[in-house]
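Fold and contact review
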Amino acid sequence: MKLLSSLFRSRSPRAFALPPDVRAIAVGDVHGRRDLLVRLLNEIDALRTADPRRDDHLVFLGDLIDRGPDSRGVLDLLVARRASDPGLTILAGNHEEMLLAILDGASEHLGEWLRFGGQECIESYGLSAADLMATTPEEAVERLRDAIPEPHVALMREMRDTVALGDYLFVHAGIRPGVAIEDQQAQDLRWIRAPFLTSRADHGVMVVHGHSISEAPEERPNRIGIDTGAYASGRLTALCIDGDARRFLAVSS
């Protein structure tokens, strides 16, 4: 396994920046890759220790769970980290939304979620999709509730939809173009692709997002996408913003 840290910096035609002595590091979709997350956090912690800031933010863009092999390990790690990192903020992705809906009784979506990456998630909790689907929907939901520790559920319920810092807005999926930030709907913030990905509109902020996979980080005049498909590609990416400069950090298996 090789650690990658891209040192190139970039600036868009319009200057976007954070306030002085404020740094933000955003982490793309982890999707159950605890192994990559541990290595990326080591890199981030080394950076923060060597070059501290008065106000240091670590923002996870959602989709911590599903698809990859260790959703439980990812949530264990972040439950523990939240107690010691005051700059940590975790956003809700569509995968967390789906699991919480099922835990709240929407058993009709269980099969869809399992096909959508939930199978790998429940296996990390010691369950099997075949066993769940062999029971009644109500019993399947009860087994899920029993298997997932309460601190994991609490962490997902406390996830936010947005973080605004300086000229940057951090979200999971994106925003609805032409709609004021304060009027955005959770459905769009967690699920949108088109028309957000193709929009050339000036959103008034630089939107940093995950959700839509690209081989490498996507920098556009109005958005930066950092979901590099960790569960399949073996590459987990973070964006470090410091003043008006940006750089990417990544680990790769």
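Up top is the structure these notes are about.
Let me begin by describing the structure that accompanies this report. Model, not experiment: these values are computed from the prediction.

1. A few points about the pairing of strand β7 (residues 206–209)
Burial of β7 is two-sided: the residues Met206 and Val208 facing one way and the residues Val207 and His209 facing the other way are all buried. Pairing analysis gives three bridges linking strand β6 (residues 168–170) to β7, with the strands arranged parallel. Across the sheet, Tyr168 pairs through a bridge with Met206, a residue of β7. Note that the unit made of β6, helix α8 (residues 186–191) and β7 has a crossover that is right-handed. Here β7 pairs with strand β9 (residues 223–225) via three bridges, running parallel. From the neighbouring strand, Val208 faces β9, where its bridge partner is Ile224.

2. Some points on the nonpolar core
Core analysis: the biggest nonpolar cluster contains 48 residues, and Val27, Phe60, Leu64, Trp113, Leu144 and Leu236 have the highest contact counts within it. If one sorts the elements of this core by residue count, helix α1 (residues 34–50) sits on top with six residues. When sequence neighbours within four positions are dropped, the list of residues in contact with Leu144 reads Ile102, Leu103, Leu110, Trp113, Ile122, Leu127 and Leu132. If you look at the next biggest cluster of nonpolar residues, it comprises 19 residues, including Leu18, Val59, Val208 and Phe248.

3. Observations concerning the pattern of salt bridges
According to the stated counting rule, one finds 19 salt bridges in the structure shown. Here Asp56 makes a salt bridge to Arg23, at a shortest N to O gap of 2.7 Å. Highlighted residues: Asp56 in strand β3 (residues 55–60) and Arg23 in strand β2 (residues 22–27), separated in sequence by 33 residues. In this structure Arg23 comes out as buried when scored by relative accessible area, which is 1%.

4. Considering the side chain of His31
Looking at where His31 falls in the secondary structure, it is placed in the loop between β2 and α1. A residue is classified by how much of its surface remains accessible, and His31, at 4% relative accessible area, is buried. A distance of 3.3 Å separates a polar side-chain atom of His31 from the backbone oxygen of Asp66.

5. A few points about the layout of surface pockets
By volume, the largest pocket is sized at about 180 Å³. In terms of lining residues, the largest pocket is bounded by 15 residues, among which Arg200, Ala201, Arg220, Pro221 and Asn222 are the most central. Split by residue class, the lining of the largest pocket holds six nonpolar, four polar and five charged.

6. Focus on the pairing of β2
Of all six residues in β2, six are buried; the element is thus mostly enclosed. Side chains Val22, Ala24 and Ala26 project from β2 onto one buried face, and the interleaved Arg23, Ile25 and Val27 project onto a second face that is buried too. Here six bridges tie β2 to β3, and the two strands are oriented parallel to one another. In the sheet register, Ala26 faces β3, and the bridge partner there is Val59. A crossover links β2 with its parallel partner β3, the connecting element being α1, and its sense is right-handed. Sheet topology note: the β2/strand β10 (residues 235–242) ladder contains five bridges and is antiparallel. Within β10, the residue paired with Ile25 across the bridge is Cys240.

7. Quick look at helix α6 (residues 137–147)
Listing the buried residues of α6 in full gives Ala140, Val141, Leu144 and Ala147. Across the axial projection of α6, the buried residues extend over an arc of 125°, all falling on one side. For α6, exposure combined with an orientation more than 90 degrees from the buried face picks out Glu138 and Asp146. Against α2 (71–82), α3 (94–103), α4 (110–124) and α5 (129–133) lie the buried residues of α6.

8. Quick look at the packing of aromatic side chains
Both the distance between ring centres and the angle between the ring planes are used here to describe each pair of aromatic rings. This model, assessed by the stated rule, comprises three aromatic pairs. Taking 6.4 Å as the distance between ring centres and 10° as the angle between the ring planes, the aromatic pair formed by Phe116 and Trp191 counts as stacked. You can see Phe116 sitting in helix α4 and its partner Trp191 sitting in helix α8, a full 75 residues away along the chain. Exposure remark for Phe116: the relative accessible area of 26% places this residue in the partly exposed category. Taking the centre distance of 6.4 Å and the plane angle of 25° together, the rings of Tyr168 and Phe170 count as stacked. Grouped by ring-pair contacts, the aromatic residues Phe16, Tyr168 and Phe170 constitute a single cluster. The residue whose ring lies beneath Arg67 is Phe116, and the NZ or CZ to ring-centre distance is 5.0 Å. When the ring centre of Phe196 is taken as origin, the NZ or CZ atom of Arg223, which lies over that ring, is 6.0 Å away.

Cut-off values and rules
- Residues numbered from 1 in each chain as written.
- Predicted model: local features only at pLDDT ≥ 70, side-chain atom pairs only at ≥ 80, totals over all residues.
- Heavy atoms only, no water.
- Buried < 20%, exposed > 50% of the residue type's maximum accessible area, 1.4 Å probe, protein only.
- Helix = DSSP H or I, 4+ residues; strand = E, 2+ residues; numbered from the N terminus.
- Pairing = 2+ DSSP bridges.
- Right-handed = clockwise from strand over helix to strand, strands pointing away.
- Core = buried A, V, L, I, M, F, W, Y, C linked by side-chain atoms within 4.5 Å.
- Contact = heavy atoms within 4.5 Å.
- Salt bridge = Lys/Arg side-chain N within 4 Å of Asp/Glu carboxyl O.
- Polar contact = N/O pair within 3.5 Å; in protein donor to acceptor, adjacent residues only side chain to side chain.
- 1 Å grid on protein atoms, 1.4 Å probe; cavity = no way out; pocket = protein on both sides within 12 Å on 5 of 7 lines; lining within 4 Å.
- Points joined across faces, edges and corners; volume = space filled by probe spheres on them.
- Nonpolar A, V, L, I, M, F, W, Y, C, P; charged D, E, K, R; others polar.
- Arc of directions from axis to C-beta.
- Phe/Tyr/Trp six-rings, centres within 6.5 Å; stacked < 30°, edge-to-face > 60°.
- Lys NZ or Arg CZ within 6 Å of the ring centre and 35° of its normal.

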